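Results of the structural survey
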Amino acid sequence: QVLYRKGAMQAKIWKSKTCQLLGIVLVVASIFLLTQRGEEVSSMSRDVTQQLAQLKEESPDVIQLLPEQFLSNYRSFCWYDDGGKFWCLPKVYLAGMPKCGSTDLYSKLIWHPDLAKPPCGKENHFWTRSRLGKSTNHLKGGEVKKQSFDSFLKQIGPANMEGQTGSLLIDGTQSLLWDLLGWEARYPQSSKPPYSNAELIHLVAPMSKIIVIIRDPVERLYSDYLYFNGDDYGLHENRSALSFDDAVRAELGRFVGCLTKHNLRRCCYSSQNDPKMRLHLGVYITYVRDWYQLFGENMMVVSLEDYSKQPLPVLYRIYNFLQVPEPSRDDLSIYIKSTSKKKR
């Protein structure tokens, strides 16, 4: 009902019933997933042996380089390999969602002295794209050279983590929550995704902390539209209420058509979803459920609406969740006020 009312409000602005339809579809889709039972909606097989086999087949160097156990005196997942090289994996993942304020939230988190930003920046897309030989820009697509695990580890910070036993390394890759693009081609005999990204992270670092920020899915979709039809892609002149309406209607029809043949989870992870009109990302429950089933209390979901209205309480909830010392409220308030937010 909430999604429907917000969708209807936006529809008045755009003089279209598209958002009303979209709001209804997102609500119905979420209810559909909640009420389904049986194997077809089970998000994972729980077969660790199978998961290891799949990871070994796709990325054998990951299995080879991972230690039997991490250094107990480091809060991030760090270790020395047999050659004495120091490596670290992130302890915290701000895993999604795109166009939900993750960049602003990430900047506020790494302001904390105990939360560390990798040298490569907020996002790396290793688990979802580059380890599989996919472009980190999903619109470009195509094959690229597969990134090795040690190359990825060098990017995320062993140089600045050695000796920083109390630091939590944060990965802010926004494709982590949802992107399994190309799984149908890699596993043509499978009727559903053979694994989730949640399983990959849980396999290599099971005690990770997962943070997800979401927003009204209709507004998230419109923000996506503005971005993919903006200056970064040289398409600013193509933006209009009519083009948005046409694109949503087309993708809505395709997505509903998918639901007539497959279950919701398969449709949400389908590689046929329009990469520039990502309606499926608004069915948050599909992706959040996969992660929550594995990480449970080590997962936290916040809303952009709450964060925008009251950033201090939300940030303090996250700091407590991560078990880092609470910073001065005055200092944090000054930093929040000094940093501008880009709203879309």
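Higher on the page you've got the structure.
Residues numbered from 1 in each chain as written. Predicted model: local features only at pLDDT ≥ 70, side-chain atom pairs only at ≥ 80, totals over all residues. Heavy atoms only, no water.

**Remarks on the state of the cysteines**
One pass over the full model with this rule turns up two disulfides. Across the disulfide, Cys78 is cross-linked to Cys88 (sulfur-sulfur distance 1.9 Å). Torsion about the S-S bond of the Cys78 and Cys88 cystine: about 100 degrees, corresponding to right-handed handedness. You can see Cys78 sitting in strand β1 (residues 77–80) and its partner Cys88 sitting in strand β2 (residues 86–89), a full ten residues away along the chain. (Disulfide = S-S within 2.5 Å. Helix = DSSP H or I, 4+ residues; strand = E, 2+ residues; numbered from the N terminus.)

**Describing the packing of aromatic side chains**
Per the stated rule, a full pass over the model turns up 19 aromatic pairs. On the basis of an interplanar angle of 75 degrees and a centroid distance of 5.1 Å, the ring pair of Phe126 and Trp127 is categorised as edge-to-face. Since its relative accessible area comes to 1%, Phe126 is described here as buried. Under the relative-accessibility criterion, Trp127 is labelled buried at 3%. Arranged with centres 5.9 Å apart and planes meeting at 20 degrees, the rings of Tyr222 and Tyr225 form a pair that is stacked. On the criterion of helical spacing, the pair formed by Tyr222 and Tyr225 is a turn pair, its members being three residues apart in helix α10 (residues 217–228). (Phe/Tyr/Trp six-rings, centres within 6.5 Å; stacked < 30°, edge-to-face > 60°. Buried < 20%, exposed > 50% of the residue type's maximum accessible area, 1.4 Å probe, protein only.)

**Overview of the pattern of salt bridges**
Close approach of charged atoms allows side chains with opposite charge to pair. Tallying each qualifying case throughout the model produces eleven salt bridges. Between Glu58 and Arg131 there is a salt bridge; the shortest N-O distance is 3.0 Å. With Glu58 in helix α3 (residues 48–58) and Arg131 in the loop between β4 (115–116) and α6 (149–156), this pair connects stretches of sequence that are 73 residues apart. Two residues, Arg254 and Glu251, come together in a salt bridge whose shortest N-O distance is 3.1 Å. With Arg254 and Glu251 both in helix α11 (residues 241–259), this residue pair falls three residues apart, about one helical turn. Members of the salt-bridge network, linked through shared partners, are Glu58, Arg131 and Arg186. (Salt bridge = Lys/Arg side-chain N within 4 Å of Asp/Glu carboxyl O.)

**Describing the packing of α10 against α11**
The relative placement of two packed helices is expressed as an angle between their axes plus a distance between the axes. Between α10 and α11, the shortest axis-to-axis distance is 11 Å and the interhelical angle comes to 115 degrees. Regarding α10 and α11, the two cross each other, and that crossing is right-handed. Side by side, α10 and α11 meet where Leu221, Tyr222 and Tyr225 of the first sit next to Ser243, Phe244 and Val248 of the second. Its residues assigned to classes, the contact of α10 with α11 comprises five nonpolar, one polar and no charged. (Axes fitted to C-alpha atoms, helices over the stretch in contact; angles between N-to-C directions. Left-handed = near helix turned anticlockwise from the far one by under 90°. Contact = heavy atoms within 4.5 Å. Nonpolar A, V, L, I, M, F, W, Y, C, P; charged D, E, K, R; others polar.)

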